[in-house]
Amino acid sequence: MFPSIDTENTRTPILRTYYPEHAYLQIEPCMKMKMHLIAITLFVYTLVSCTKESAEPLNIVESQNVTEVEQELLKTVNDHRISLGQNGLKFNSVAYRHANTHTDYMIAKGAISHDNFTVRASEISAKVAAELVAENVATDYTTASEAYQGWLYSAKHKRTMEGEFSHTAVSVKKDAKGTLYFTQIFYR
């Protein structure tokens, strides 16, 4: 299920997903309806979040992307979806900016999290009229294939990868010790 752990590395790979059960943001022409739905969606996201929003100040430094791993993970997830008869996900630059910012945040924190997900989801939704936003995060995997396998063998991560989404972005960055951090955002 997880990569093998050698005796010198006692950290186990960590995965997290955020996929609100029934949090659909329906976009309507009426501004009042939009605001009402956004408020309800934010409330639901807050209720089902697996981590608390962070209030601690962090020194966030922008790390360099590991683009080869990002591209491999995006291709692997799309190949998996297509093998199931689903659509391949289209890359989106708005989601990519948010995924990168969150990956840098996790590196600064030294742990994976879904902190501030409601803000990311709201901003993505506002820019691209997304109805539903979800994300998978991971660390302690050394390759895209390992992260994908970890997500595949986790029911919640798998459900997110196979969900009814149209767009995605994958951010993979290394911390100062060379540990990879992964954020994949999905939306429709």
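What you are looking at is a predicted structure, and each value in this text was computed from that prediction instead of being measured.

Asks: I'd like a description of the overall build of the protein chain, backed by residues and values.
Replies: Helix and strand counts for the protein chain come out as 6 helices and 5 strands. Each helix and strand of the protein chain, ordered N terminal to C terminal, gives the series β-α-α-β-α-α-β-α-α-β-β. Looking at the 188 residues of the protein chain, the share that counts as buried comes to 47%. Nonlocal contacts in the protein chain, meaning residues at least 24 apart in sequence, comprise 76% of its contacts between residues at least 6 apart. Of the roughly 10000 Å² of accessible surface on the protein chain, a fraction of 56% belongs to carbon and sulfur atoms.

Asks: Got a sec to walk through the nonpolar core? Specific residues and values, please.
Replies: Among the nonpolar cores identified, the biggest contains 22 residues, and Leu 73, Val 77, Met 161, Val 172 and Phe 182 are the most heavily contacted of them. Only helix H2 (67-83), strand S3 (133-139), helix H5 (144-152), strand S4 (167-174) and strand S5 (180-187) provide two or more residues apiece to this core. Of all hydrophobic cores here, the second largest spans 12 residues; its members include Ala 95, Ala 99, Ile 124 and Ile 185.

Asks: I'd love a proper account of unusual backbone geometry, names of residues and values included.
Replies: If you check the backbone angles, Ala 129 has positive phi at about 55° while not being a glycine. Its place among the elements puts Ala 129 in the loop between helix H4 (117-128) and S3. Ala 129 sits in the partly exposed class, given a relative accessible area of 45%.

Asks: Describe the packing of helix H3 (residues 93-109) against H4, with residues and values.
Replies: Across the interface, H3 lies against H4 with an axial gap of 10 Å and an inter-helix angle of 165°. Here H4 runs roughly antiparallel to H3, going by the angle between their axes. Crossing of H3 over H4 shows right-handed handedness. Residues Val 94, Ala 95, His 98 and His 102 of H3 lie in contact with H4, whose contacting residues are Arg 120, Glu 123, Ile 124, Lys 127 and Val 128. Among the residues making up the contact of H3 with H4, the classes are represented as 4 nonpolar, 2 polar and 3 charged.

Asks: Account for the environment of Ala 147, naming residues and giving values.
Replies: Note that Ala 147 resides in helix H5. For Ala 147, a relative accessible area of 0% corresponds to the buried category. Spatially, the C-alpha atom of Ala 147 lies 8.0 Å from that of Phe 182, the residues being 35 residues apart in sequence. Apart from residues lying up to four places away in sequence, Ala 147 is in contact with Tyr 141 and Phe 182.

Asks: Give me the lowdown on the environment of Tyr 141, citing residues and values where you can.
Replies: Its location among the elements puts Tyr 141 in the loop between S3 and H5. Judged by its relative accessible area of 1%, Tyr 141 falls in the buried class. Sequence-wise, Tyr 141 and Leu 180 are 39 residues apart; in three dimensions their C-alpha atoms are separated by 6.5 Å.

Asks: Provide a residue-level description of the pairing of S5, including the pertinent values.
Replies: Counted residue by residue, S5 has 8 buried out of 8 residues, so it is predominantly covered. Neither face of S5 is left uncovered, since the one carrying Leu 180, Phe 182, Gln 184 and Phe 186 and the one carrying Tyr 181, Thr 183, Ile 185 and Tyr 187 both have all their residues buried. Judged from the 7 bridges that link them, S3 and S5 form a sheet pairing that is antiparallel. Counted as the bridge partner of Glu 135 is Ile 185 from S5. Sheet topology places S4 next to S5; 8 bridges connect them, and they run antiparallel. Within the sheet, the bridge partner assigned to Lys 173 lies in S5 and is Tyr 181.

Reading the values: the criteria
- Residues numbered from 1 in each chain as written.
- Predicted model: local features only at pLDDT ≥ 70, side-chain atom pairs only at ≥ 80, totals over all residues.
- Heavy atoms only, no water.
- Helix = DSSP H or I, 4+ residues; strand = E, 2+ residues; numbered from the N terminus.
- Buried < 20%, exposed > 50% of the residue type's maximum accessible area, 1.4 Å probe, protein only.
- Contact = heavy atoms within 4.5 Å.
- Areas by Shrake-Rupley, 256 points an atom, 1.4 Å probe, with all protein chains shown as cover.
- Core = buried A, V, L, I, M, F, W, Y, C linked by side-chain atoms within 4.5 Å.
- Axes fitted to C-alpha atoms, helices over the stretch in contact; angles between N-to-C directions.
- Parallel < 35°, antiparallel > 145°, perpendicular 65-115°, else oblique.
- Left-handed = near helix turned anticlockwise from the far one by under 90°.
- Nonpolar A, V, L, I, M, F, W, Y, C, P; charged D, E, K, R; others polar.
- Pairing = 2+ DSSP bridges.

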